[in-house]
Amino acid sequence: MDSTSQRFVIITGCSGGGKSTLLKALHQRGHRVVNEPGRRLIQSGKANPYKDLMGFAKAAVAMCIDDMERERRSSGWVFFDRGLIDAAATLAFAGGPPLSTTLNNTPTFYRRVVFAPPWRAIFRQDQERRHDFGAAKDEAIRLASAYKELGYQLADLPKTSVDERVRWVISQMESDPSD
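The notes below deal with the structure included here.

Reading guide: rules and limits
Each residue is numbered by its place in its chain's sequence as written, counting from 1. Under the rules for a predicted model, residues below a pLDDT of 70 receive no local features and side-chain atom pairs below 80 are neither given nor counted, while totals for whole chains, interfaces and linings still include all residues. To get the side-chain values, all heavy atoms of the structure are used, and hydrogens and water are removed first. We call Phe, Tyr and Trp rings a pair once their centres come within 6.5 Å, taking the six-membered ring for Trp, and we label the pair stacked below 30 degrees between planes, edge-to-face above 60, and tilted otherwise. Working definition: with a 1.4 Å probe on protein chains only, accessible area under 20% of the residue-type maximum means buried, over 50% means exposed, and in between means partly exposed. In this scheme, Lys NZ or Arg CZ marks a charge over a ring once it lies within 6 Å of the ring centre and within 35 degrees of the ring normal. What counts as a helix is a DSSP run of H or I of at least four residues, what counts as a strand is a run of E of at least two, and both are numbered from the N terminus. Whether two residues touch is decided by their heavy atoms; if any such pair falls within 4.5 Å, the residues are in contact. To qualify as a nonpolar core, a set must consist of buried Ala, Val, Leu, Ile, Met, Phe, Trp, Tyr and Cys residues joined through side-chain atoms within 4.5 Å.

**A short note on the packing of aromatic side chains**
Argument step 1. The final tally for this structure, using the stated rule, is five aromatic pairs.
Argument step 2. On the basis of an interplanar angle of 75° and a centroid distance of 5.8 Å, the ring pair of Tyr147 and Tyr152 is categorised as edge-to-face. The two residues Tyr147 and Tyr152 agree in class, both being buried.
Argument step 3. An aromatic cluster of three or more residues is present, and its members are Phe8, Phe80 and Phe109.
Argument step 4. Between Arg111 and the ring centre of Tyr152, over which it is positioned, the NZ or CZ distance is 3.9 Å.
Argument step 5. A cation over a ring is seen here: Arg142 above Phe93, with NZ or CZ 3.7 Å from the ring centre.

**Focus on the environment of Leu41**
Argument step 1. Tracing the chain through its elements places Leu41 in helix H2 (residues 37-44).
Argument step 2. If we skip the residues at most four places from it in the chain, Leu41 touches Lys46, Ala47, Phe56, Ala59, Ala60 and Met63.

**Comments concerning the environment of Val61**
Argument step 1. On the secondary structure map, Val61 appears in helix H3 (residues 53-71).
Argument step 2. Counting along the chain gives 22 residues from Val61 to Gly83, while the straight-line C-alpha distance between them is 8.0 Å.
Argument step 3. Excluding residues that lie within four positions of it along the chain, Val61 makes contacts with Leu84, Ala87, Ala88, Leu91 and Thr102.

**A closer look at the nonpolar core**
Argument step 1. Counting residues in hydrophobic clusters, the biggest one holds 29 residues, and the most contacted among them are Phe80, Leu84, Ile85 and Phe109.
Argument step 2. Listing elements by their share of this core, those giving two or more residues are strand S1 (8-13), H2, H3, strand S3 (78-81), helix H4 (84-93), helix H5 (99-103) and helix H6 (133-149).
Argument step 3. Considering every element that reaches this core, the biggest residue donor is H3, with seven residues.
Argument step 4. If sequence neighbours within four positions are ignored, Phe80 has contacts with Phe8, Val9, Ile10, Ile11, Leu23, Val34, Asp67, Met68, Glu71 and Phe109.
Argument step 5. Core analysis: the second largest hydrophobic core is formed by 15 residues, Val33, Val114, Ala116 and Val169 among them.

Here it is, written out as structure tokens:
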């Protein structure tokens, strides 16, 4: 693993599980963050998973690779709201190539992945998140499987306040990912 990938941390998991709120709080505390590619694509009108999941996933993969290349020059931790592995898993789910093909020759991430488990109390549908809680849970199961298949260690984000979640994430980054 190169030194860049040791700094790239993915925050993934259940849609509506508080990832974006957590990343906003990390950013407010001075950390580098990369916003979720899916939301950026939907907001820009460039791709829509509800109309063309395959096209959306391909666009997300390309955006994630661009994000990683841009962040290679950054120092310190860089927190990704979802990212390349999520996009590759969505592409495989949509009938595209398997994870190993899409991820071939791309940098890896920090081995410990922050995973937001399903949390009904905070789940909300919105303009970009049209699916229901059941679909969000199914997605979380697929993502957990993909990360485990690739050898990543999932660390479940506690269902606590945003401030407590931020402290927990930082403590996870300060500990050895092989624990």
